[in-house]
Every structure is written in C-alpha cells, then in structure tokens.
Amino acid sequence: MEYLPVVSTYAQSIDDAILLIAVLVGFWTVLTFTLFFWLIFRYRARPGQRAGYVTGEERQPKRFITIAHMLVLVCDVFIVIAAIRVWVDVKQTLPTAPETQTVRVIGQQWAWSFVHPGPDGVLDTADDIKSVDELHIEVGRPYIYELVSRDVLHDFSVPAFRLKQDAIPGRIIQGWFEATDTGSFDIQCAEMCGIGHGLMPGRLVIETPEQHAAWMARQGQAAGRALLASGRASG
Amino acid sequence: MATAEIRHAADEHHGEESFFRKYLWSTDHKMIAMQYLFTGIAMALIGGFFAFVFRMQLAFPGIEVPLYGMVSPAEYNALVTNHGSIMIFWVAMPVLLAAFGNFLIPLMCGCDDMVFPKINRLSYQIFLLSAIVLVVSFFVPGGGFGGAWTAYPPLSSIGDFSLTPLGATLWVVAVALEFVAFLLGGINFITTAMNSRAPGMRLYDIPMAVWMIVIASILFMASVGPLIAGAIMMFFDQQLGTGFFDPSRGGDPVLWQHLFWFFGHPEVYVVLLPALGFVAEIITTFARKKLFAYRTVLYTVFATGILSFTVWAHHQFISGIDPRMAHIFTITTLLISVPIAEMMFVYIATLYRGSITFSTPMLWALAFIGEFIIGGVTGIFLGASGPDIFYHDTYFVLAHFHYTFFPIAIIGAYAGITYWFPKMFGKKLDERLGKIHFWGTIIPFNLIFLPLFVLGQFGQHRRIYSYEAFPELAVGWMQDLRVLATLSLIAMLVFQFVFFWNFIRSLRRGEEAGENPYNANSLEWACPSPPPHGNFAVLPTVYRPPYEYSHPDREQDFWPQWQKD
Amino acid sequence: MRPIATTRSASGMSTGRLAVWWVIGSEIVIFGGLLGSYIMYRLANAQWSEPGFAGSTNPWIGLLNTFVLLTSSLFAVLGHYAAEHEGDGPKAARYLYMTFGGGLVFLLVKTFEWSTEISHGLTITKNTFWSFYYTAAGIHALHVIAGMIIMLFVAHTAKRGLELHRVELIGIYWHFVDIVWIFLFPLLYIAK
Ligand code: HEA
Ligand code: HEA
Ligand code: CUA
Ligand SMILES: [Cu+2]
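Residues numbered from 1 in each chain as written. Chains lettered and ligands numbered in written order. Predicted model: local features only at pLDDT ≥ 70, side-chain atom pairs only at ≥ 80, totals over all residues. Heavy atoms only, no water.

A closer look at the site of ligand 1
- By nearness alone, 32 residues border ligand 1, and Y269(B), D388(B), H392(B), H400(B) and R462(B) come closest of all.
- Chains contributing residues to the immediate surroundings of ligand 1 are chains A and B.
- Here an oxygen atom of ligand 1 sits 2.8 Å away from a polar atom, N or O, in the side chain of W149(B).
- Interatomic distance of 2.5 Å between a side-chain N/O atom of Y269(B) and an oxygen atom of ligand 1.
- Mapped by element, the contributors of at least two residues to the shell around ligand 1 are α2 (59-91) of chain A together with α9 (253-287), α11 (325-351), α12 (360-383) and α14 (395-425) of chain B. (Near = heavy atom within 4 Å. Polar contact = N/O pair within 3.5 Å; in protein donor to acceptor, adjacent residues only side chain to side chain. Helix = DSSP H or I, 4+ residues; strand = E, 2+ residues; numbered from the N terminus.)

Next up, the structure:
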C-alpha cells in the first residue's frame, strides 16, 4: 500500500499544501473533539447536581469563542496562501523553455485520443503522431497540453501528476506538466460523460528521450501506412 | 382578539371527515407535515436502496445484486444520479425543511395553523407530483437520467449524448416542480414566523429551530431562481432544440454550472440550518442549559447565509473558468469556515456546566456535531484551490459531502423525529430500541465513509461503475475497502428496521407522553400531544426567551416561555 | 374557516403583502438569472446586434406594448385608490377590468408580433438570441396571463365589496410584471 507516486514537478507541492492543511485542520479537529468529549463526560447528569446558568453573553466565557475564531481565521490565511501558490504554479503559468512541446489531448465519448508533435516537435504538421488511449511523453521535458472535447465534458485527470482539467467542447484549454520519472500511469476521465464514463481509461507512458525517439520512429511508419490505407487525411 | 382566539379553539368542528379529506386534502399544518415526512421517508428508502445496489456493484463488480439483478453501466449512472437527487431534493428538503417547518413553526410560534393553509396544501401536492414524475422517469424508454445530479450539459441537454432523452427531461421537470413546491412552502414559513407569533414573542424569543428554517427558506428563495431559469433553458434545449448550452450553436455549457452552483452551494446550508436548529433545541433540553450566546448563533447564521452566495465556483475550480477567479473563491470559501466553526464552538460550549442526559435524541444531536465537524474540516481541503486540483471528483469529495449530508439529512432527521415523536403522536419511543438503532447507524456510517476518504486520497474518482479498467485503482486492498464500505452499508440498512419497528410499536403500545415529557420550554410543549386541530386550547402568550433552563431564581430547572412567572 | 394565524400581524406588515413580496422576490431571482445569462451571452457575442439577431426585432411594437402595459398599471393604481381610499368595490372592479383589458391588448400585440417573426423564419431555434427572446418574453407573457386570471377573481369579489385589500395585492404583482417588461424592452429591442 504505497502512496500515490509523485511524478510531476508540482505533485510534491500539492502534497505539501495538503499536508499543511491536514496539520492545521487536524489540530483544530483534535482540539474540538477533545473538548467536546471531555465536556460530555464531565457534565453528564449526576443525581443532585444542577446545571449552571450561563448565557454566553458574559465577556469571560465568550472570550474563548472569540479567540478561537480569530485563530481559525489566522489558519485560514495560511491555507489560502499555500493553496494559491500551488494554484498559480499549476494553472496560471505556462512553461516558456525552448524545449517545451505541445500535445493535443482529445476527449470524446468514450475514449481519449492524443496528438503528439512527432519528431519535428511541432504540432499540426505532417509528422504528428496520433494515438488512442495512450499518451507518450518524455521525462524531464515540459509539455503544454491543449485539451479539447468533441462532444460533452470530459476531464483529463492524471493522479500521479496531481493534475486535473475539464475538457469543454468548443474550447481549447491549455495547461502544462513536466514528468519527473519514467513509468506508465493511469489517465482517468473525471467528469461524467455518459454511459461509458467508467470505461474511459487512458494510459500515460513516460519514457526516456531515447525510448521516446524509438517509439516515435515506430509510430511514424505505422501512421504513414494507415493513412495510405484509409485514403483520407483527417483533422 | 384574545376572546376571538379562545372561541376559535372551542368551536373547532370535530365531525367525521372522510379519509380523503383527512389525509389527502387536509389543510392542517400537522397533517401536511406528516405527508411530507412520510413521502420523504419513502423516498429515503428508494435512495437508500439505490445506494445498496450501486455499492454492491462497486464491491462485487458484475454480480447479480439481490433484489435488483445485473447493473449495466447505464443503470449504474442512473442509480447514482437519482440517489443523489433523491437524497437531497426528495429526502433532505422535505423532511428537514418542509415536514419540520410545517410541524414546528405554528406550534413554536404559538398559533393555530399556517397563515395560508391552502397554499400549504398546494405546496405538498406539487411536491408529490414532482416525486411521482421522478419515479416515473426510471421506467421510461432509455431509463432514468444518468448524467449526475449536477446535470452538466451538453450531456444532459442533448439526447444523443446522454441516450436518455426522456429520462433527462423528466428529471429536469421533476426538479423544477420540486423547487416550485418549496417556494410555495416558503411563503408560509416566512409569513407565519414573521406575523403570527404569539403575543409577547419578540425576535430574540423565537426558538432556534424556527429561525433556522426561516433563514433556510430565504436562502433557498434567493438562490434557486437562476437555476429555475436554467431548468427552463435546459428543458427547451432538450425538447425544442434550442442551443442555450450547446457550444456548437453558440451556447455555453459552463453557464449551467454557474447557475447550478449559485444555487447548489447555498442549498447545502439550506439543509444544514434546519438540522442545526433541531440540535440547538435538543442539546439545551437535555443539557438543561441555556443556549450559549443565542445572538452569536444568529449572527453566525446570517454571516454564513451571506457568504454562501459568494463561494459557488469552488465546485468549478478546474472546469475551465478563468484561473484568476479561483483566488477569490478560495478566499470566500475559507472565510465561511469561520462562522461555521464559531457555531460549532458555541454548540459545544452549551454543554459546559450542563447536566447531560443521554436520551436517544441527545445522542443523535451530539453525533451530529461530531460527524459534521469531520465533514466540515474536510471541506477545507477542497476549498483550497491548489489541493482541489487533485481532489476534485475523487472519493475524497464524496466522503466530504456524505460526512456533511448524512449528519444533516439522516442524523438530523432522526434527532428531530425522536425528539418530537411524543408531540407528533402522543407516545414515547422506546429508549432501548432507540439506542440500538443509534449505534447500529452511527458505527456503520463511519465504516462506510472513512474508507472512502482513503480511496479518494489514493486517486479513486467518482461515478465509475467498475474500477477494473484502471490498473492503479484495481488493487487488492482498495477493493477490500470497497467491500468494507458496502458491508457496512448493508449493516446500516438492516438496523433501520429497528427504527421502523420501534416507530410502529411505540405508536401502538408506547407510553403516553403527556404535554411536556422533557420539561422543555418552547411553546410546542404547551399543547396536548398530539395537538388537536387548532393546536392550543388557549393560544399562549410568551413571557421570556426559549432556553431558560436551570435559572438560579427558580426551584424547577426549566421555565417555559408561556408561564407568566 | 380562516385560522387565527392569518389575522395576526406581529411584524406590522399585512400578511398578504408579505406573501406577495415573497412571490415577487422569487420571481426577481428567476428573471434575474435569465436576464443575467442573456446579458453575459450578449456581451460575448458582438454579432447579436445585427439583422438576423436583435437587429430584426421591431422596437416600435415593443414600444407600443410598453405603453399598453404602463397604461394598464395606471388603471391598477386607480383601482387600488378606489378600493382603499373610497372603499368603492364596484369602481375598483371596473378599473381592474380595464387593467385586464390592457393585458389582453398586450397579448394580442404579442401574438401579431410573434406570428410575423415566425413567418419570417425567426423561430426559437434560429439562434441563441431568438431562443432568449422567446424564452424571456414567453415567460413574461405567462406572468401576464396569470396576473390577468387572478385579476378576474379579485375583481369578481371586489365587485361585491369583499376582500378589497386584494386589489392592492394584485396591483403590486401587476406592477412587478410591468417592471420586468421595462427590463425586457431595452434588452431585447433597443440595445442593437
Ligand atoms: C450540507 C452539505 C455540505 C456542507 C455543509 C458543506 C460544507 C462545506 N463544503 Fe462541501 N460539498 C457538498 C456538501 C456540503 N459541503 C457537496 C454535496 C459537494 C459535492 C457536490 C458534487 O460535486 O456532487 C461538496 C463539495 C465541496 C467542494 C467542491 C469539491 C470539488 O468538487 O472539487 C468544496 C470546495 O471548496 C467544498 C467545500 C466546503 C466547505 C469549505 C464547507 C464549509 O461550510 C465547512 C465549514 C465547517 C468547518 C470548517 C468545520 C468546523 C470548524 C472547525 C472545527 C474549526 C477548524 C477549521 C479550520 C481551521 C478551517 N465542498
Ligand atoms: C442527503 C444526501 C445523501 C445521503 C443521505 C446519502 C447516503 C448514502 N450515500 Fe450518497 N450521494 C449523494 C447524497 C447522499 N447520499 C449525492 C448528492 C451523491 C452524488 C451523486 C452524483 O454523483 O451524481 C451521492 C453519491 C454516492 C456515491 C458515489 C457513487 C459514485 O460516484 O459512483 C456513493 C458510493 O458509495 C454513495 C453512497 C451512499 C451511502 C452508502 C449512503 C448511506 O448513508 C445510505 C443509507 C440509507 C439510508 C440512511 C436510507 C434508509 C433510511 C430510512 C428510510 C430511514 C428514514 C429516513 C429518514 C429519517 C430521513 N453515495
Ligand atoms: Cu469522459 Cu467521463
Ligand atoms: Cu459548495
């Protein structure tokens, strides 16, 4: 029972933010629960003992509530900062390094298809590699993904990356990732997209540059043949 | 005025009424409350059964589920969708808001009925119609709607995508009708609480349960409108072929998400507040304590209500909204934890220096506080935009909202039912059976949903009818947790029969309750149990706030609102 | 028989008026949601001001209908005055019938307008502008019809001098229907 692999540059920072929240919120939960159970135990009805009369409007007892709620606010500030920092990194920045490549991720009922830029590294050229259900990327290289949908909403989710983004028909949504390790991982569709929503698994294959080049070479040949056979060039 | 009121109660006609007039065409607020309650319980049985069927499929993929059969992917989606819709719109809303609102508001405000009894009756009738439309939708060609209770278009608005063209339309119609029913119901809740309070009852003398139901109704009214408009647009998309939500024709599917969640988030507080109201009544009664900082509770509720309109897009962080918007919604979402935390602290502080009796209603009320805190704090993980990139639509979200909704809709409802049962039916419930039922519900509840947090943390996402296609999720220990959750659910469902048995047995052979079995303070305990038509023999006058327990000047540890001294 | 509850007035505001305001509040958010959505779409689609979209609506008919509705609201006010200050039920009822007539004219004009538009192929499925056009105006027209029906009931009792406070309530509602139109008119007809 190993924890989810951490395979993207930002996965660890998301996990760290989660840990921070867990600590802050966990502290409060433990505190309130301790107090709660202690009060229940301490003030259980006992013969001959009568309850006190506390309106809660007096300064002294009310202070505890006021202080506590200020402290909760302080915790909230830390959580917001942590959350926003990660968010800006994942959702609001795009890599600009020259080695960045762009892949197209297409959701449709009920399969993923992917367009890889091919050996020339540029999308929408003749050597693009199309694949169904399998996305091949290189470790250590930043990627921008262009997420589109052909019909309904889908959601491109890669738990090992801690990445998730809805695909919306009629829009192109951009985001990025950079893998830090090789291996093959689940791609899930995380937005209800109809009857086959549970049958829309994809696979992310992260390869070393050499493996990736070899894969591209194989695909290039196969794709060329398929194109000739079907006699149509699809967009 | 006073004499007129006495005369009214006396000349109430007690003639023979036909079954139809008494049970189906009644304008008596208590009968309407019962209609809502029993319809809600019947729907809970359906919703619970659906949960049983799809959880069996999750634990043992592909088996013949007892009482149901094989579950196809399409059926799985329809079961989940309608489970969610039923539990929220046809269980939580009617039981918490309508049943208790109808039963309690006139009694706690000390009047003989709702202000507009006929509108009240109409409200229930529309509600019943909506429930019937929903149930019919399961049986139409193509089956029930399966596009999730959030019904995101274009899946829900285009039959070719959902493959349930009829089911989807009936679902939208049912939901819209249900909204209309609760808008009509709200008229009565508001006007009765505002205008028909007993003489002497000032604003700060209103019991929390009434306040909460009234505020919840206002929240509902103020938030549901855009979604009603959205439902009409969706209906037209489905049936007339318009393209409001169809991007290929100039529409925008994300618009629906805004309309839905602008309602959807306030809605969670709409059901939360009544439950909090019941808990306030119960813990004060059984701790024999004044509610800690009554006014503070009200302020926190107002703050929550106002803030609740500003957080909706935390459900849409990754749905393609402008990423900069996420910051605003993260901040508002985190802010809302402050008033709710304060409210929880206040409730816990009410126990301080109390004298706590662990009756069944008290157990439910305390369990509500404990379980809800777990649900609430896990919401913080989701409200933080960064982590939500990972959590969105995982079982962590699912466990979060079951840890809020279950305490509200089921624990809160049981708290209310067990507490007011003597008033509703004139008999006491059996305490021993009540406690068996309590533990038989609470322990399995945690065993169902704690494992689901773990599964979510490991990336298991929602609305998947079988995880066999996902290598990372089709792991042995994960399957074991799914089985654990399912078996716990079965245990919980079995224990519900204890409740029904207790209910029926106590109706027949229960101990007579008398007017005020708990020595409680609010006005509903001033009338006979069950209250006759017209409620009070003499309509009461109010002399003090509702939670004057253990007042130092008094021999007795309670001081009813209606007692002059 | 009416419950005592109905006769109380702890807040100082009449119960009927509270109820009407509640209904109007609910309606405001419904229309608010619809018109808010419309405005968002409108801002995102510059071409909506051209012919084939809002460019093809007829502002003069819209103006005529605005005038008709405003006049009918005036009758509603006069009816309220007659009922409340003069206590004259029959007179109030006459004004209500005139308001009703205003509603009728409004609907007739609408029928004419819509049938022309539909015969020119500008149907609800033509494009999203027309979808909004028919949806918003259609829901509004339903409110006009509902108001007219209730108005007949109220006039019927008012004629016999009964339940005169209802004249005011239906009047409030009618003004509301009027105001919704005042929002619809510029949004659908003028902003080109
Ligand atoms: C009644 C039900 C209910 C309630 C009360 C809540 C309460 C809250 N919810 Fe929840 N929520 C749902 C029902 C509910 N929710 C549902 C149904 C969904 C999913 C819908 C779907 O997609 O199908 C959902 C989903 C959901 C999401 C979207 C997740 C996603 O899909 O990606 C988020 C994100 O922000 C969220 C946040 C919160 C927050 C911050 C609260 C807060 O109100 C909680 C505040 C309470 C506390 C915080 C506890 C008390 C405080 C303390 C003990 C002090 C310590 C606290 C701190 C230091 C902060 N909820
Ligand atoms: C009030 C809300 C509520 C309640 C109480 C429940 C109760 C339960 N829910 Fe559900 N659930 C939702 C709201 C609720 N749920 C929603 C909104 C969704 C999302 C749907 C979607 O994705 O579209 C969902 C989805 C959902 C899923 C996800 C499925 C998926 O994504 O694939 C699962 C899986 O385990 C689940 C399980 C359960 C279980 C085991 C219970 C058990 O606790 C049920 C136990 C049964 C009962 C308690 C009823 C029987 C009791 C009585 C009849 C007694 C009388 C009743 C009263 C006093 C009221 N629910
Ligand atoms: Cu595609 Cu779910
Ligand atoms: Cu929310």
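Looking at the coordination of the iron atom of ligand 2
Residues and elements named next belong to chain B.
- Those donors, H83 (NE2) and H402 (NE2), are the protein atoms that reach the iron atom of ligand 2, and they lie 2.0 Å from it.
- Taken together, the six donor atoms coordinating the iron atom of ligand 2 and their angles of 86 to 179 degrees define a geometry best described as octahedral. Residue H83 is found in helix α4 (residues 73-109), and its partner H402 is found in helix α14; the two are separated by 319 residues along the sequence. Each member of the pair, H83 as well as H402, carries the same accessibility label: buried. (Donors = N, O, S within 2.8 Å, 3.2 Å for Na, K, Ca; no water. Tetrahedral: all angles 85-135°; square planar, octahedral: opposite > 155°, others 65-115°. Buried < 20%, exposed > 50% of the residue type's maximum accessible area, 1.4 Å probe, protein only.)

What about the domain arrangement of chain A?
Residue and element names in this part refer to chain A.
- Under the domain assignment, chain A is made up of domain 1 (11-45 + 53-92) and domain 2 (101-234).
- Measuring from the centre of the C-alpha atoms in domain 1 to the corresponding centre in domain 2 gives 41 Å.
- At the interface, six residues of domain 1 touch eight residues of domain 2.
- In total, about 520 Å² of surface goes out of reach between domain 1 and domain 2, with carbon and sulfur atoms giving 43% of it.
- On the domain 1 side of the contact with domain 2, A11, V90 and K91 bury the most area, a combined 62% of that side's loss. (Domains from an automatic or database assignment. Contact = heavy atoms within 4.5 Å. Buried area = accessible area lost by both parts, 1.4 Å probe.)

Concerning the interface of chain A and chain B
- Listed per partner, the contact involves 83 residues of chain A and 98 residues of chain B.
- Each partner contributes to the roughly 7700 Å² buried at the junction of chain A and chain B, and carbon and sulfur atoms together form 70% of this total.
- On the chain A side of the contact with chain B, Y53(A), W87(A) and M192(A) bury the most area, a combined 10% of that side's loss.
- Across the contact surface, chain A and chain B share one salt bridge.
- The partner of D252(B) in a salt bridge is R171(A), and the shortest N-O contact between them spans 3.2 Å.
- At the boundary of chain A and chain B, one finds 28 residue pairs in polar contact (both at pLDDT 80 or more).
- Of all elements in the fold, only α1 (11-42), α2, β7 (163-167) and β9 (183-189) of chain A reach the threshold of two or more residues within the side of chain A that touches chain B. (Salt bridge = Lys/Arg side-chain N within 4 Å of Asp/Glu carboxyl O.)

A short note on the sheet that holds strand β3 (residues 129-132) of chain A
Residue and element names in this part refer to chain A.
- One open sheet accounts for five strands, arranged β3-β2-β1-β5-β8; its pairing is mixed. Since the sheet does not close on itself, it has two edges, and those belong to β3 and β8 (173-178), each with one partner. For this sheet, the mean inter-axis angle between neighbouring strands, taken without regard to orientation, is 25 degrees.
- Strand direction decides the pairing type here: strand β5 (residues 142-149) and β8, joined by six bridges, are antiparallel. Counterpart to I144 in the pairing with β8 is W176. (Pairing = 2+ DSSP bridges. Axes fitted to C-alpha atoms, helices over the stretch in contact; angles between N-to-C directions.)

Notes on the coordination of the copper ion (ligand 4)
All names here are of chain B.
- Distances from the copper ion (ligand 4) to its protein donors, H265 (ND1), H314 (NE2) and H315 (NE2), fall at 1.8 to 2.1 Å.
- Every donor residue of the copper ion (ligand 4) comes from the same chain, spaced as H-x48-H-H.
- The metal-metal distance between the copper ion (ligand 4) and the iron atom of ligand 1 is 4.4 Å.
- Residue H314 is classed as buried on the basis of its relative accessible area, which comes to 12%.
- Under the relative-accessibility criterion, H315 is labelled partly exposed at 24%.

Looking at the pairing of strand β10 (residues 202-207) of chain A
Residues and elements named next belong to chain A.
- Within β10, five of the six residues are buried, which leaves it mostly tucked inside the rest of the structure.
- Two strands pair when backbone bridges link them, and strand β4 (residues 134-138) and β10 are joined in this way by five bridges, in the parallel orientation. Paired with E138 across the bridge in β10 is E207.
- One ladder, built from five bridges, connects β9 with β10; its direction is antiparallel. Looking across to β10, one finds that I187 is bridged to G202.

Section: the pairing of strand β6 (residues 154-158) of chain A
All names here are of chain A.
- With five of five residues buried, β6 lies mostly within the body of the structure.
- Residues H154, F156 and V158 point to one face of β6 and D155 and S157 to the other, with burial holding for every one of them.
- Bridge count for β6 against β7 is five bridges, and the pairing is antiparallel. Its bridge partner being in β7, S157 is matched across the sheet by K164.
- As defined by bridge partners, β6 adjoins β9 across two bridges and the pair is classed as antiparallel. The partner of F156 across the bridge, within β9, is C189.

Thoughts on the packing of aromatic side chains
- This structure, assessed with the given rule, holds 97 aromatic pairs over all chains.
- A ring pair is formed by F179(B) and F263(B), whose centres lie 5.0 Å apart and whose planes are at 55 degrees; its orientation type is tilted. Placement of F179(B) in helix α7 (residues 165-195) and of F263(B) in helix α9 is noted, with a sequence separation of 84 residues between them.
- Geometrically, the ring pair formed by Y133(C) and Y189(C) is edge-to-face, given 6.0 Å between the ring centres and 65 degrees between the ring planes. Separated by 56 residues along the polypeptide, Y133(C) in helix α5 (residues 128-159) and Y189(C) in helix α6 (residues 165-190) bring together distant segments of the chain.
- Looking at R42(A), its charged tip hangs above the ring of Y43(A), at a distance of 4.6 Å from the centre. (Phe/Tyr/Trp six-rings, centres within 6.5 Å; stacked < 30°, edge-to-face > 60°. Lys NZ or Arg CZ within 6 Å of the ring centre and 35° of its normal.)

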